[in-house]
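# Observations on the three-dimensional arrangement
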Amino acid sequence: MKALVFFVIVAFATCSFAYDWTPIGPNDIDANNIFFSETIPYSEVICTSTGIMLFDGTAWEEYTNAGLPATDADVLSTGNILTTLNDNSWSDGIYEFDLNSLQYNVTEYFTEPHFIFKNDFDNNFYIGGSQGLMRSTTGLNWINLEYFNFQNCPEMQENSGHLIVATENEVVLNNYNQVPDFGEYADMGMIELSIIDEASGL
């Protein structure tokens with residue numbers, strides 16, 4: 001019995017301390033997000049409160065567009081990054097960052113963008129923000145998805161080809177049918193948020 005107890009203690013101690021956390025990037029940054037890539041010359045991209053930081057394997061360089069905060073980024077092509085800049089201003093939107101000229105170019109103004117989601121299943125980009133959800137096949141020309149007009153869309157995921165979007169009031173599922181159309185398949189009743197009466201607990 002003592003051998004079994006000793007083995008359990010040793011196994012627990014070994015498993016409990018198996019992770020070492022290592023910082024990525026400079027220590028003094030205010031990071032919003034990060035992504036890793038093997039398809040562009042920069043292996044790591046950090047979205048910061050003043051722009052994006054690129055790591056070329058040896059050093060970090062920061063690139064800003066008038067100090068606008070970057071909320072998310074993804075690879076657009078081997079020479080370009082797609083990024084969302086969100087300062088709660090008229091400059092908010094979706095920007096293409098050219099890795100050769102190191103310049104930002106706006107592709108679409110969009111109020112308070114939260115995320116970029118590239119769906120590898122249908123090869124579309126999605127941008128969610130405080131006023132809705134947009135889709136693009138190229139990352140340069142955007143279509144507004146009307147079902148989400150004036151809804152805050154803070155998150156989106158894909159599960160086996162099904163797109164799931166969180167809004168302030170619901171979680172919406174869309175079954176993949178070549179071109180996602182949230183209007184017809186909207187709100188499959190997965191989760192409904194209700195107002196909670198704190199006094200009654202209901």
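Residues numbered from 1 in each chain as written. Predicted model: local features only at pLDDT ≥ 70, side-chain atom pairs only at ≥ 80, totals over all residues. Heavy atoms only, no water.

## Examining the nonpolar core
Our working rule: Nonpolar cores are built from buried Ala, Val, Leu, Ile, Met, Phe, Trp, Tyr and Cys residues. Side-chain atoms within 4.5 Å join them into one set. Exposure categories follow from relative accessible area, calculated using a 1.4 Å probe and restricted to protein chains: below 20% of the type maximum is buried, above 50% is exposed, and the middle band is partly exposed. For helices the rule is a DSSP run of H or I covering at least 4 residues; for strands it is a run of E covering at least 2, with both sets numbered from the N terminus onward. By definition, residues are in contact when any of their heavy atoms lie within 4.5 Å.
Judged by nonpolar contacts, the single largest core of 18 residues is most densely connected at Ile40, Val45, Ile52, Leu54, Ile81 and Phe97. Of all the elements in the fold, those that place two or more residues in this core are strand S2 (44–48), strand S3 (51–55), strand S5 (70–77), strand S6 (80–85) and strand S7 (93–98). Look past the residues within four positions of Ile81 in its chain and what remains in contact with it is Phe35, Ile40, Val45, Leu54, Ala73, Asp74, Leu76, Tyr95, Glu96, Phe97 and Leu99. Core analysis: the next-biggest nonpolar cluster, separate from the first, contains 11 residues, Phe115, Tyr126, Leu163 and Val172 among them.

## Details of the side chain of Glu44
Spelled out, the test is: Counted as positive: Lys and Arg. Counted as negative: Asp and Glu, with His and the chain ends omitted from the count. We define a salt bridge as a contact between a side-chain nitrogen of Lys or Arg and a carboxyl oxygen of Asp or Glu at a distance within 4 Å.
With respect to the helices and strands, Glu44 occurs in strand S2. Despite its burial, Glu44 remains without a salt bridge, the nearest opposite charge being carried by Lys118 at 20 Å. Dropping the residues within four chain positions of it, Glu44 is found in contact with Ile24, Phe35, Phe36, Met53, Leu54, Phe55 and Trp60.

## What about unusual backbone geometry?
Outside of glycine, negative phi angles account for most residues, and trans bonds account for most peptide bonds. The phi angle at Ala66 is positive, at roughly 60°, despite the residue not being glycine. Residue Ala66 is classed as exposed on the basis of its relative accessible area, which comes to 78%. Its identity as a non-glycine residue notwithstanding, Asn88 has a phi of 55°, on the positive side. Looking at the element boundaries, Asn88 is found in the loop between S6 and S7.

## Details of the sheet that holds strand S1 (residues 31–36)
This is how it is decided: A pair of strands counts as paired when DSSP detects no fewer than two bridges linking them. The angle between two axes is taken between their N-to-C directions and runs from 0 to 180 degrees, where each axis is a line fitted to C-alpha atoms and a helix contributes only its stretch in contact.
If you walk across this open sheet you meet the 4 strands as S1-S2-S3-S4, and the pairing is antiparallel. Edge strands, defined here as strands with exactly one partner in the open sheet, are S1 and strand S4 (60–63). With direction set aside, neighbouring strand axes in the sheet form an average angle of 20°.

## Some remarks on the sheet that holds strand S8 (residues 103–109)
What the 4 strands build is an open sheet, ordered S5-S6-S7-S8; its pairing is antiparallel. The strands lining the two open edges of the sheet, one partner per strand, are S5 and S8. Strand-to-strand twist of the sheet, defined as the mean angle between neighbouring strand axes without regard to direction, takes the value 25°. With 6 bridges joining them, S7 and S8 adopt antiparallel strand pairing. Bridge pairing links Tyr95 to Val106 in S8.

## What about the confidence of the model for the protein?
Quick reminder of the rule: Predictor confidence is given residue by residue as pLDDT, running from a minimum of 0 to a maximum of 100.
Residue-level pLDDT values for the protein average 82, and 77% of them are 70 or greater. Ignoring residues within four places in sequence, the model shows residues 184–202, a span with pLDDT below 50, making 23 contacts including any to other chains.

## Let's talk about the pairing of strand S11 (residues 132–136)
Of all the 5 residues making up S11, 5 are buried; the element is thus mostly covered by neighbouring parts of the structure. Here S11 shows two buried faces, one formed by Gly132, Met134 and Ser136 and the other by Leu133 and Arg135. Sheet analysis places strand S10 (residues 124–129) next to S11, joined by 5 bridges and oriented antiparallel. Bridging across to S11, Ile127 finds its partner in Met134. Between S10 and S11, which follow one another and run antiparallel, lie 2 residues. Judged from the 2 bridges that link them, S11 and strand S12 (residues 143–144) form a sheet pairing that is antiparallel. Its bridge partner lying in S12, Arg135 is registered against Ile143. Counting the residues between successive antiparallel strands, the hairpin from S11 to S12 contains 6 residues, one of them, Gly139, with a positive phi of roughly 85°.

## Notes on the packing of aromatic side chains
Our working rule: Any pair of Phe, Tyr and Trp rings, taking the six-membered ring for Trp, is counted once the centres come within 6.5 Å. Such a pair is stacked with planes under 30 degrees apart, edge-to-face with planes over 60 apart, and tilted for the rest.
One pass over the full model with this rule turns up 6 aromatic pairs. Note on Tyr63 and Phe97: the rings are 5.5 Å apart at their centroids and 45° apart in plane angle, and the pair reads as tilted. Pair noted here: Tyr63 is in strand S4 and Phe97 is in strand S7, with a separation of 34 residues, a long-range link. Residue class for Phe97 comes out buried when judged on its relative accessible area of 0%. Between Phe117 and Tyr126, the aromatic rings sit 6.4 Å apart at their centres with planes inclined by 45°, giving tilted as the arrangement. Of the two residues, Phe117 and Tyr126, both sit in the buried class. Through a chain of ring-to-ring contacts, three or more aromatic side chains come together here, namely Tyr63, Tyr95, Phe97 and Tyr104.

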